[in-house]
Amino acid sequence: MKTDELREKYLEFFVSKGCTQIASDVLVPTWDPSVLFTPAGMNQFKDHFLGKVKLDFTRATTCQKCLRTGDIDNVGRTAFHHTFFEMLGNFSFGDYFKKDAIAWAWEFLTEKKWLGIPGERLSVTVYKDDDEAYNFWRDMIGLPDARIVRMDEDENFWPASAPSEGPDGVCGPCSEIYYHLEDGSDVEIWNLVFTQYNRLGDPPDNLKPLPSQNIDTGMGLERIASVLQGVTTNYHIDTLRPIVDAAAEVVGVHYQPDTDNGRRLRRITDHARACTFAIHENVYPGRDKAKYVVRRLIRRAVLDGYQMNLRDPFLYQLVGAVAEQSQAAYPELGETMQRVAEVIESEEKAFFGTIDGGMKRIGQLFEQMQDGSAVMVPGSDAAELNTTYGVPPELLQTLAAEKNFTFDWPGYRDAMHQHAIASGAGQVELFQTGPLETLKEALRETPFVGYDSIEANTTVKGIITGDGHQKDDEGQLLSKLERAGDGLNRLVLAQSPFYGESGGQIGDTGKIVGDGFEFEVIDTQKHGGLIVHLGKLISGKVTEGGQCHAVVDATRRQSLARAHSATHILHHALHTHVGDHAQQQGSKVEEDRLRFDFTNQKPIDDSVLQKIEADVVQFIGAGDAVGWETLPLTEARQQGAMMLFGEKYPDPVRMVSIGGYSKELCAGTHVDNTKDIDAFELLAEESVSAGTRRIIALTGSRAQQQRQITEALLEQIAQRLGTSGDKAAGALEQLAGDVRQLKKELNSGKPGDHSETFAVAGDCAAVDVSQYSGMRAVVRDMARKLNVAQDDVLQRVDALLAERAALIQQLKQATAGGKVSADDLIGQGEKVGDHLLVVAEVPGANPNVMRNWIDQIRKKADGETAVLLGTVSGDKVMLVGGLSHGLVDSGLKAGQWVGDTAKLVGGGGGGRPDMAQAGGKDPAKLTDALATAKQSMAEQLAR
C-alpha cells in the first residue's frame with residue numbers, strides 16, 4: 001500500500017467512526033511556548049483534553065507533521081528513527097474510551113477493507129495494573145494471553161513513570177501494538193493512551209479518576225508504511241527511497257544500506273525533509289530555539305557530505321525531491337521550493353567555511369590528550385565542537401577510537417543539556433499550572449466585544465496578584481482587592497472590550513470602574529482564551545463578582561488601528577515589489593508605529609523601498625473600505641486569505657479585507673477606511689537575522705511629527721553649513737572633502753590656504769527640495785553617507801565642522817615658527833667629515849611631517865646623512881630619526897639612536913635601522929636630549 005493511500009485510509013476510517021477530520025497543525029506552533037516544534041498529534045488539542053475550551057467536537061482524527069530531536073543521534077543508524085515524521089492519530093474528549101479505541105485499532109489493522117494485516121503478526125502490551133485493557137484484548141479481540149504482555153509504568157504509562165515520579169496532572173496507562181517482522185523481531189506501530197487519571201501527590205492512592213476520560217493515540221505513518229510495504233527500514237518506503245536515491249546522485253556515491261555512506265545518506269534524507277518543512281514555515285537557521293535546531297540539522301547533513309568528500313553546498317538540491325514526494329498531502333511545498341533552497345544553500349556555504357576549522361580543532365584536542373596521557377575525550381570539549389563547529393559526537397567518537405581514545409558520553413550529554421538551557425533549545429513543561437490556569441479551566445475564555453464598541457458593562461470574574469512576570473511567583477487568586485496603589489494586579493472579566501496583545505498588536509489601556517472603585521489598565525494580555533487586564537487600583541475596592549464598566553483609551557486604540565491596517569497594506573506592497581516569498585516573520589503594532597519582519601535574503605534597494613512606500617501612500621489616499629467578516633476557515637482559504645505560519649487560527653476565522661487587494665486572517669483592530677491612517681512614513685529597512693529583514697514605519701500623528709522633524713532637521717543642517725536647504729547636501733560633501741584634504745596636508749607637511757570659517761563654494765550643486773519627498777531624500781542621503789542614523793546627522797555635521805577647525809589649528813601649529821623646509825634643515829646641519837648631521841627641534845610638526853623632511857634631506861644632501869628631529873605636542877615629546885643607507889650598512893641603527901634619546905625625555909621607542917620614531921613624557925628635557933643625541937652621533941660619524 002502506498003504511503004499516500006495509507007494516510008487517506010486512516011483518516012477515512014476514523015471519520016466513519018464519527019471523528020471530525022482536523023488538518024495538521026503547523027510544524028512550529030508559535031502560539032504554544034511549551035514546545036519548539038509540534039511533537040505529537042495531541043499537541044493542538046491540549047486545551048480540549050483539559051476542558052479549557054468550548055468543544056465543537058468530541059471525536060477527532062488527524063495526520064500531524066511532527067519534529068523531534070530527542071533521538072537525533074539514532075537517525076540514519078536505526079531502521080525507524082526520524083526527526084521529521086507524520087503522526088496518524090485519533091482522539092476522544094470525554095466521548096469513546098478504552099473499549100472502542102481498542103476495537104477500532106484492531107479493526108483498522110486487520111480488516112481486509114482497511115490494512116488487512118494478519119492478526120497472528122500482532123501482539124500488544126498493557127500497563128501492569130490495567131486489567132480493563134487486558135480483558136478487552138483477550139476477551140473482546142481474542143488475543144491469547146501469550147501475546148498480551150503487562151509492562152511497568154516506565155514503558156506503558158503516559159507520562160512515563162508518572163505514578164511514582166510525577167508530574168502531577170492528567171495521566172493514564174497506555175497500550176502498545178507490535179508487529180512481528182520476518183527476522184523475528186518486533187516493532188511498535190501504534191500507541192493507545194487512555195488518559196483517565198489526575199495524579200495528586202506521591203503514592204500510594206495518588207491517581208484520582210478524571211470525570212471526563214480521554215483517548216490519545218499515535219501511529220507513525222512512515223513506520224506502518226514500511227510494515228505494509230515489506231521493507232526493512234522507513235527510508236525504503238515509496239515516499240522516502242526516491243529522496244535517498246536523489247541524495248546519492250547529488251553526493252556522487254552508490255547507496256549501499258549497510259555501509260557508513262548508506263547511513264549518511266539516510267541521515268541527509270531525513271534532515272533535508274525536516275529542514276524543507278521547517279523553512280517552508282519561515283523558520284530559518286539561527287542561534288536559538290527552533291532556528292538553532294534547523295541550523296544544527298543542516299550542519300549535521302553538511303558534515304555527512306564532507307565525510308563523503310564534498311566541499312561545496314549540496315543539500316539544497318534535495319528540496320525539489322522532498323517537495324515532489326510530499327505533494328499529495330502538502331502541495332504548498334512546491335510554492336516555496338526556490339526560497340527554501342536558497343536558505344539552505346546560504347547556510348551550507350557558511351558552514352563549509354568552518355568545517356576545516358572544526359577538524360583542525362579535533363587534531364589539537366587529540367594532541368593535547370596525547371601530551372597529557374589522557375584516554376577519554378572530555379564531554380565539554382565534545383559539546384564545544386558540536387555547538388561551535390557542528391561536529392556530531394558520533395563522528396568525534398569514531399575519530400577518537402582510531403587514536404584508542406574513549407568518549408565521555410555522560411559528560412557530553414550534561415554539557416549539551418546545559419547548552420540547551422542556555423540557548424533556549426530545551427522544551428518546557430507541556431501542561432501549565434497556576435491561578436490563570438485555574439481561571440482558564442473555569443471560564444474557558446473571555447468574549448472580546450471590542451470590535452464594535454470600546455466600552456462594555458461586565459463582571460469581575462477573577463483577581464490575581466502581581467504581573468505574572470516573576471519566575472517563581474505566578475500570583476494568587478483573591479476574592480477582593482482594596483489596597484489602592486499597592487503594586488500591579490490583574491483582573492479577568494466576564495467579557496471585555498480590551499484587546500489582549502496578540503498577532504503583533506500590543507494590548508489596550510484604559511480603565512475599569514465599578515461601584516466605588518477605579519482600576520487603571522496599563523496593559524492587556526491574552527492567556528489562552530482569557531483576556532487579562534494588568535494595572536493598579538486607583539481607589540476603592542474591587543470584589544469578585546462585582547459589576548463594572550470597562551472603557552478602552554479611544555485615542556490610543558485608534559493609533560493602534562492605524563498602524564495595524566498600514567501593516568496589512570505594507571505586506572501587500574512587499575509582495576508586489578519584493579515577491580510572494582516576503583512572508584511575515586513577526587510584527588509589532590504600537591501607537592502609530594509598526595515594525596514588520598519578513599523573509600528576504602538580501603537588503604532591499606532604495607529604489608524598491610521608494611516604490612513600496614509610494615504604493616502604501618497611494619493605497620491610503622485611495623480611501624478604500626476596510627472590512628471584516630467571520631467565515632469558515634476553508635472558505636477563507638478559497639477566497640485567498642493570507643495565513644501566517646505558526647499562527648493558530650480558530651474555525652470559523654475573522655478575515656480582514658482592504659479594498660480588493662488585501663485579505664488576511666487577523667483578530668486585530670483596524671480603521672474603517674484607509675484614509676483614516678492619515679499618513680505613512682517608512683523610517684528604515686534593516687537586518688534582523690540571516691534571511692530576515694525588518695521595516696520600521698510610522699502612521700498618523702507620528703508620521704506627521706516625523707515630517708516636521710525632517711523639515712526642521714534640513715533647515716538646521718543648512719544653517720550650520722551657512723547655506724540653503726537645496727545646497728545642504730553639496731555643502732556637506734564639500735565639508736567632508738575639506739576634512740580629508742586637511743588631514744592629507746597635515747600628514748604631508750605641505751599646508752594649503754584655508755579659511756578658518758567654513759564657506760560653501762559658489763558652484764555648489766543644488767537639488768529640488770520644494771516637496772517633502774525631496775527634503776527627506778536629502779536628509780536620508782546625508783545619513784547614509786555619514787553612516788549614522790537620521791537623528792544623529794546634525795551632531796555629525798557639528799563634529800565635522802569642529803574637526804575641520806581643529807585640523808586648521810594643527811596646521812598653524814606645524815608652521816608656527818615659520819615655514820620650515822628640508823633646505824632650511826640642511827642649512828642648519830653640520831658636516832662631520834663627509835657626512836651631514838642634522839639635529840633640530842621643529843615646533844608644531846607631527847611625525848608624518850618630520851618623516852617627510854627626513855626623506856627629502858636624504859635625497860637632496862650630498863653624501864651620507866643622519867637626521868634627528870624633535871617636537872613638543874601638549875605634554876608629550878615626539879622624536880623621529882633617520883639614517884641614509886650607507887650609514888646603516890656601516891652598522892649604525894636609527895632605532896637605537898632614537899630609543900636612547902627617548903629615554904632622556906622619559907619615554908621609549910624605536911623602529912627600523914633607517915627610520916625610527918619614539919615618544920617621551922618630559923618636554924622640559926627635549927633641548928638637552930637633542931644636544932646629547934647630536935654629540936653621540938657626531939662621535940660615531942667621526943670614527
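Residues numbered from 1 in each chain as written. Predicted model: local features only at pLDDT ≥ 70, side-chain atom pairs only at ≥ 80, totals over all residues. Heavy atoms only, no water.

Visitor: So what exactly am I meant to see when it comes to the nonpolar core here?
Guide: Inside soluble globular proteins, nonpolar side chains tend to come together where they are buried. Phe37, Leu109, Trp137, Ile177, Ile189 and Trp190 are the most contacted members of the largest nonpolar core, which has 99 residues in total. In terms of residue count, helix H9 (residues 289-307) provides more of this core than any other element does, 9 residues in total. Not counting residues up to four positions away in its chain, the partners in contact with Leu109 are Leu115, Gly116, Ile117, Leu122, Ile177, Ile189, Trp190, Met219 and Ile224. Counting 29 residues, the second largest nonpolar core, distinct from the first, contains Ala561, Ala573, Ala582 and Ile677. (Core = buried A, V, L, I, M, F, W, Y, C linked by side-chain atoms within 4.5 Å. Buried < 20%, exposed > 50% of the residue type's maximum accessible area, 1.4 Å probe, protein only. Helix = DSSP H or I, 4+ residues; strand = E, 2+ residues; numbered from the N terminus. Contact = heavy atoms within 4.5 Å.)

Visitor: It is not clear to me how the UniProt feature "binding site: Zn(2+)" (unreviewed entry) in the protein should be interpreted in this structure. Could you clarify?
Guide: Sites flagged by UniProt as "binding site: Zn(2+)" (unreviewed entry) map to His564, His568, Cys666 and His670. A maximum C-alpha distance of 9.9 Å places the annotated residues, which cover 107 residues in sequence, within one compact spot. One can find His564 in helix H16 (residues 554-577). Its relative accessible area of 3% is what places His564 among the buried residues. Residues in contact with His564, not counting those within four places in the same chain, are Gly503, Gln505, Val589, Cys666, Gly668, Thr669 and His670. A distance of 2.6 Å separates the side chain of His564 from the side chain of Gln505, its partner in a polar contact. With respect to the helices and strands, the residue His568 is situated in helix H16. A relative accessible area of 3% places His568 in the buried class. Discounting residues that sit within four places of it in the chain, His568 has contacts with Val656, Ile658, Ser662, Glu664, Cys666 and His670. (UniProt positions renumbered as here; feature names shortened; annotations may be inferred. Polar contact = N/O pair within 3.5 Å; in protein donor to acceptor, adjacent residues only side chain to side chain.)

Visitor: Explain the packing of aromatic side chains to me, please; I cannot follow it from the model alone.
Guide: We describe a pair of aromatic rings using the distance from one ring centre to the other and the angle between the two ring planes. Throughout the structure, instances matching the rule amount to 27 aromatic pairs. Taking the centre distance of 5.3 Å and the plane angle of 50° together, the rings of Phe13 and Phe108 count as tilted. Taken as a pair, Phe13 in helix H1 (residues 3-16) and Phe108 in helix H3 (residues 98-110) lie far apart in primary sequence, 95 residues in all. Each member of the pair, Phe13 as well as Phe108, carries the same accessibility label: buried. With a centroid separation of 6.1 Å and an interplanar angle of 70°, the aromatic rings of Phe97 and Phe194 are classed as edge-to-face. One end of the pair, Phe97, is in the loop between strand S3 (84-93) and H3; the other, Phe194, is in strand S8 (residues 186-199), with 97 residues separating them in the sequence. On the basis of relative accessibility, which here comes to 13%, the residue Phe97 falls in the buried class. For the cation-ring pair, Arg150 lies above Tyr134, with the distance from its terminal atom to the ring centre recorded as 4.3 Å. Stacked on the ring of Tyr451, the Lys or Arg Arg654 has its end atom at 3.7 Å from the ring centre. (Phe/Tyr/Trp six-rings, centres within 6.5 Å; stacked < 30°, edge-to-face > 60°. Lys NZ or Arg CZ within 6 Å of the ring centre and 35° of its normal.)

Visitor: Can you help me understand the sheet that holds strand S23 (residues 626-631) in this one?
Guide: Picture the strands of a sheet paired through backbone hydrogen bonds; they go either parallel or antiparallel. Here we have 3 strands laid out as an open sheet, ordered S23-S24-S25, and antiparallel in their pairing. In this open sheet, the two edge strands, each paired with only one partner strand, are S23 and strand S25 (662-665). When the angles between neighbouring strand axes are averaged without regard to direction, this sheet yields 25°. (Pairing = 2+ DSSP bridges. Axes fitted to C-alpha atoms, helices over the stretch in contact; angles between N-to-C directions.)

Visitor: Please explain unusual backbone geometry as it appears in this structure.
Guide: Among all residues except glycine, the phi angle is most often negative; among peptide bonds, the trans geometry is most common. For the peptide bond that leads from Gly166 to Pro167, omega is 10°, which places it in the cis range. Here the bond from Pro203 into Pro204 is cis, since omega is 5°, no more than 30 degrees from zero. Here Pro204 lies in the loop between S8 and strand S9 (207-220). Positive phi outside glycine occurs at Ser161, with the angle close to 65°. Note that Ser161 resides in the loop between strand S6 (157-158) and helix H5 (162-165).

Visitor: How do you make sense of the packing of helix H10 (residues 319-326) against helix H11 (residues 337-371) when you look at a structure like this?
Guide: Pairs of packed helices are described in terms of their axes, by the angle between the two and the distance that separates them. Look at H10 against H11: their axes get within 9 Å of each other, and the N-to-C directions meet at 140°. Considered as vectors, H10 and H11 are oriented oblique to each other. Along this stretch, H10 crosses H11, giving a crossing that reads as right-handed. Contacts between H10 and H11 involve Val319, Gly320 and Ala323 from the first element and Met337, Val340, Ala341 and Ile344 from the second. (Parallel < 35°, antiparallel > 145°, perpendicular 65-115°, else oblique. Left-handed = near helix turned anticlockwise from the far one by under 90°.)

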